[in-house]
Amino acid sequence: MTPRAADRARYDRATAHLDAPLAIVDLEAFDANAGDLVRRAGGKPIRVASKSVRCRALLERVLAMDGFAGIMSFTLDESIWLARAGFQDVLLAYPSADRAGFAELAGDPKLAAAVTVMVDDPAQLELVDRARAGGAEEIRICLELDTALHVLGGRVRVGARRSPLREPAQLAELARSIVRRPGFRLVGLMAYEGHVAGVGDSVAGSPVRSRAVRLMQRAARKELAARRAAVVRAVRAVAPELEFVNGGGTGSVQHTAAEDAVTEIAAGSGLYVPRLFDNYTSFTGRPAALFAQPVVRRPGVGAVTVLGGGYPASGAAGRDRLPVPYLPEGLRYDPQEGAGEVQTPLLGPPADDLLIGDKVWFRHAKAGELCERFDTLHLVEGDRVTGIAPTYRGEGRTFL
């Protein structure tokens, strides 16, 4: 029996009393992935990206482990909810226009001490001030550095379009305006190199592309390390009490941790290890989060149909954004239909061994987005479900 077949047998036994659709987290794999992230971070703390987990119980589990400290959130509403739930260090990774949230933050000293918001434009500070509604609490601020690699004299950009702040002088100028402005305190700097941390460099069947990605990432790491160090020096000259410099992501943990300028690493997808993280030479994780769909039809030889399953991930549309049929091995989508809204045909020899009511196990393309489809995660240890944890959705929270 292959390791994957053994996993399928465990998951089927563990959930035999449950009807699909359902989602599970294999806690042994989750904990092993967490340990690998800590090892790769080399002693620097890891801030957990909540968008990649979207389950409070699992955020609490990983933050109780040595090597993890703090949360990187994705909306202000979520940040405030987490802070009220007892999480004491929440960094909002994206700028917000949530005026009600800023009024709540500015009016509550405990919230203001727990949440740090992201800024890359003076207009965002103006928005916060207009939203205060009489609240006078000091707002903790983090600046974001643009990490994109510019080549051919800037005519070609590689990397996400995030912050407009790229050069040390630009960040130092905004830092000075924050330091001079009452009601704000500059505490951090963030730089997320998604073109390194979130792009696989070993794509199956694409050796030329894989080599090109590795060459790009090597150049990007070198350029960013030098520029990030210069930016940190410039910002610390303005704000010597800067508390943290955050960088990295699951795919670049060890590289980012090697930079002296970086004090903490961000990671989250590496806990669940969705399918987009299969194509890396720098690490190998264990799939920990899966969902099961029930077989409801057998339309012919070598074919079964499961209920639902059309759960595409965000990003540029493409086949790599679809969930992948994972267990049993050897199933594939019908190219005429793909992953369907209500039903999904699957083809391949294993289909002939599947009966009505059997489960087919899938892996989502991205990590936390799976939790937007399910109210609960069934926590599996060995061949037993040992707990049930509500997702954000299961707690009635859909932040985006």
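This is a predicted model, so every value here is computed, not measured.

Q: How would you explain the side chain of Ser269 if you had to name every residue and give the values?
A: Residue position: Ser269 is located in helix H12 (residues 269-272). Here Ser269 falls in the buried class, since its relative accessible area comes to 12%. Ignoring sequence-local partners within four residues, the contact set of Ser269 consists of Ser52, Thr250, Pro274, Phe277 and Ala367.

Q: Give a detailed account of the UniProt feature "domain: Alanine racemase N-terminal" (unreviewed entry) in the protein, specifying residues and quantitative values.
A: When the UniProt feature table is mapped onto this chain, "domain: Alanine racemase N-terminal" (unreviewed entry) is found at residues 25-272. The distance from the first to the last C-alpha atom of residues 25-272 is 8 Å, and the span holds 46% helix and 19% strand.

Q: Quick one: what's the story with the pattern of salt bridges, residue by residue and with numbers?
A: One pass over the full model with this rule turns up 33 salt bridges. For the salt bridge of Glu243 with Arg185, the shortest nitrogen-to-oxygen distance reads 3.3 Å. Of the two residues, Glu243 sits in the loop between helix H10 (207-238) and strand S10 (244-247) while Arg185 sits in strand S9 (residues 184-191), which places them 58 residues apart along the sequence. By relative accessible area, Arg185 is classed as partly exposed at 37%. Through salt bridges that share partners, Asp146, Arg157, Arg166, Glu167, Glu223 and Arg227 make up one connected network.

Q: Summarise the pairing of strand S13 (residues 303-307); cite the residues concerned and give the values.
A: Within a regular strand, the side chains alternate between the two sheet faces. With four of five residues buried, S13 is to be regarded as a mostly interior element. Pairing of strand S12 (residues 289-300) with S13, which is carried by three bridges, proceeds in the antiparallel orientation. Each residue of the ladder has a partner; that of Gly300, found in S13, is Ala303. Taking the residues that link successive antiparallel strands as the turn, the S12-S13 hairpin has two residues, and the phi of Gly302 there is positive, at about 70°. Sheet topology note: the S13/strand S16 (residues 343-347) ladder contains five bridges and is antiparallel. Counterpart to Val304 in the pairing with S16 is Leu346.

Q: Explain the side chain of His378 residue by residue, including any values.
A: As for its placement among the helices and strands, His378 is situated in strand S18 (residues 376-381). Beyond its immediate sequence surroundings of up to four residues, His378 is in contact with Leu18, Leu22, Ala23, Ile24, Val25, Val385, Gly387 and Ile388.

Q: Any details on the packing of aromatic side chains? Residues and values, ideally.
A: All told, the structure shown has 13 aromatic pairs when counted by the stated rule. Their ring planes at 55° and their centres at 5.6 Å tell us that Tyr11 and Trp361 sit as a pair that is tilted. Highlighted residues: Tyr11 in helix H1 (residues 3-14) and Trp361 in strand S17 (residues 359-363), separated in sequence by 350 residues. Like Tyr11, the residue Trp361 is buried in the burial classification. Judged by centre distance (5.5 Å) and plane angle (85°), the ring pair of Tyr392 and Phe399 falls under edge-to-face. The class of Tyr392 is buried, set by a relative accessible area of 1%. Through a chain of ring-to-ring contacts, the aromatic side chains of Phe74, Trp81, Tyr392 and Phe399 assemble into a single cluster. One residue, Arg40, lies across the ring of Phe283, its end atom 4.3 Å from the ring centre. Positioned above the aromatic ring of Tyr326 is the side chain of Arg363, whose terminal nitrogen or guanidinium carbon lies 5.2 Å from the ring centre.

Calculation criteria
Residues numbered from 1 in each chain as written. Predicted model: local features only at pLDDT ≥ 70, side-chain atom pairs only at ≥ 80, totals over all residues. Heavy atoms only, no water. Helix = DSSP H or I, 4+ residues; strand = E, 2+ residues; numbered from the N terminus. Buried < 20%, exposed > 50% of the residue type's maximum accessible area, 1.4 Å probe, protein only. Contact = heavy atoms within 4.5 Å. UniProt positions renumbered as here; feature names shortened; annotations may be inferred. Salt bridge = Lys/Arg side-chain N within 4 Å of Asp/Glu carboxyl O. Pairing = 2+ DSSP bridges. Phe/Tyr/Trp six-rings, centres within 6.5 Å; stacked < 30°, edge-to-face > 60°. Lys NZ or Arg CZ within 6 Å of the ring centre and 35° of its normal.

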